[in-house]
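Reading the structure
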Amino acid sequence: NGRSSNPISLAFSPSIGVWYHWAITRTGTSWRLYRNGQLVDGPNTDDTPIPNIAALLTIGNAERGWHAGLIDDVRIWGEARSQAEIQSSMDRELSGDEPNLLGYWALDSSAQDYTPNGRHGTLVGNPAFVGDTP
């Protein structure tokens, strides 16, 4: 499809003060993007290798700079979750021992990985932790 360096593309203008749940799934070379549990892009085909979870992972930074907003939690699964699975867990905290959960950073007061894998992060740039989020 000509998007090998960026398999997901979406025009989106977020509303100030509104939280969004984002999920990206990949099965083989097929990518899908979900916003608030609804498919908004995909399936798109791309054969870019999936990054190694054991390697350095940066949350909140991309080629164009730091994310200028709030991030509630980050989850990495060892399988492509279905739309129904995404919808059933997107609004709840996890325990960290869910099947196929490779990394879970609640970002509530630290960058602790709540899975048994213990891939704890390091906070950079003096992030602020806010109270409860939706």
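Along each chain, the written sequence defines residue order, and numbers are assigned to residues from 1. Selection of residues for local features in this predicted model requires a pLDDT of at least 70, selection of side-chain atom pairs for listing and counting requires 80 or more, and totals for whole chains, interfaces and linings are taken over all residues. Water and hydrogen atoms were dropped before computing side-chain values, which therefore reflect all heavy atoms in the structure.

With that settled, the discussion passes to the nonpolar core. Most often, soluble globular proteins keep nonpolar side chains buried together rather than apart. Residues belong to a common nonpolar core when they are buried Ala, Val, Leu, Ile, Met, Phe, Trp, Tyr or Cys residues joined through side-chain atoms within 4.5 Å. A 1.4 Å probe rolled over the protein chains alone gives each residue an accessible area, and that area as a share of the maximum for its type sets the label: buried under 20%, exposed over 50%, partly exposed in between. Counting residues in hydrophobic clusters, the biggest one holds 5 residues: Trp 77, Leu 94, Leu 101, Tyr 104 and Ala 106. Throughout, a contact is declared for two residues whenever any of their heavy atoms are within 4.5 Å. Non-local contacts of Ala 106, meaning those with residues more than four positions away in its chain, are made with Asp 72, Asp 73, Gln 112 and Tyr 114.

Moving on, we come to the packing of aromatic side chains. Stacked, tilted and edge-to-face pairs are distinguished by plane angle, under 30 degrees for stacked and over 60 for edge-to-face with tilted covering the rest, among Phe, Tyr and Trp rings (Trp via its six-membered ring) whose centres lie within 6.5 Å. The final tally for this structure, using the stated rule, is 3 aromatic pairs. Their ring planes at 85° and their centres at 5.1 Å tell us that Phe 12 and Trp 22 sit as a pair that is edge-to-face. With Phe 12 in the segment before strand 1 (22-27) and Trp 22 in strand 1, this pair connects stretches of sequence that are 10 residues apart. Note on Phe 12: relative accessible area 30%, which makes it partly exposed. The rings of Phe 12, Tyr 20 and Trp 22 are connected pair by pair, giving a single aromatic cluster. Charge-over-ring contacts are defined here by two conditions on Lys NZ or Arg CZ: a distance within 6 Å of the ring centre and an angle within 35 degrees of the ring normal. Between the NZ or CZ atom of Arg 81 and the centre of the ring of Trp 77, over which it lies, the distance is 3.7 Å. Helix numbering and strand numbering both begin at the N terminus, where a helix is a DSSP run of H or I of at least 4 residues and a strand a DSSP run of E of at least 2.

This part takes up the sheet that holds strand 3 (residues 38-45). Note on pairing: DSSP must find at least two bridges between two strands before they are called paired. Strand order in this open sheet of 3 strands is 1-2-3, and the pairing throughout is antiparallel. Every interior strand has two partners, whereas the edge strands, strand 1 and strand 3, have only one. Ignoring which end each strand starts from, the neighbouring axes of this sheet average 15° apart. Note on method: axes are straight lines fitted to C-alpha atoms, helices fitted across the in-contact stretch only, with angles between N-to-C directions ranging 0 to 180 degrees.

Patches draw on residues past 30% relative accessible area with no salt bridge. Two like charges within 9 Å are joined, as are two nonpolar side chains (Val, Leu, Ile, Met, Phe, Trp, Tyr) within 5 Å. Here the open area of atoms and residues is found with the Shrake-Rupley method and a 1.4 Å probe, where only the protein chains shown may cover a residue. Take a side-chain nitrogen of Lys or Arg and a carboxyl oxygen of Asp or Glu: if they are within 4 Å of each other, that pair is a salt bridge. A cluster of nonpolar side chains, Trp 19, Leu 70 and Val 130, forms an exposed patch at the surface whose accessible area comes to about 280 Å². Position of Leu 70 among the secondary structure elements: in the loop between strand 5 (65-66) and strand 6 (74-77).

A word on the pairing of strand 2 (residues 30-35). In this sheet, strand 2 lies alongside strand 1 in antiparallel orientation, the contact comprising 6 bridges. Note that in strand 2 the partner of Thr 27 across the bridge is Ser 30. Hairpin connection between strand 1 and strand 2: a loop of 2 residues separates the two successive antiparallel strands, and Gly 28 in this loop has a positive phi of roughly 65°. Relative to strand 3, strand 2 runs antiparallel, the two sharing 5 bridges. Opposite Ser 30, over in strand 3, you have Thr 45 as the bridge partner. With antiparallel pairing between neighbouring strands as the criterion, strand 2 and strand 3 make up a hairpin whose turn holds 2 residues, including Asn 36 at a positive phi of roughly 55°.

Enumeration according to the criterion identifies 1 salt bridge in this entry. In this structure, Asp 73 and Arg 75 form a salt bridge, with 3.1 Å as the shortest nitrogen-oxygen distance. Judged by its relative accessible area of 18%, Arg 75 falls in the buried class.

Attention shifts here to unusual backbone geometry. Omega for the peptide link from Gly 42 to Pro 43 comes to 5°, which places this bond in the cis form. Here Pro 43 lies in strand 3. Positive phi values are uncommon outside glycine, yet Asn 36 reaches one of about 55°. By secondary structure assignment, the location of Asn 36 is in the loop between strand 2 and strand 3. The backbone phi angle of Asn 100 is positive, close to 70°, even though this residue is not glycine. Structurally, the position occupied by Asn 100 is in the loop between helix 1 (83-89) and strand 7 (101-105). Using a relative accessible area of 41% as the deciding quantity, one classes Asn 100 as partly exposed.

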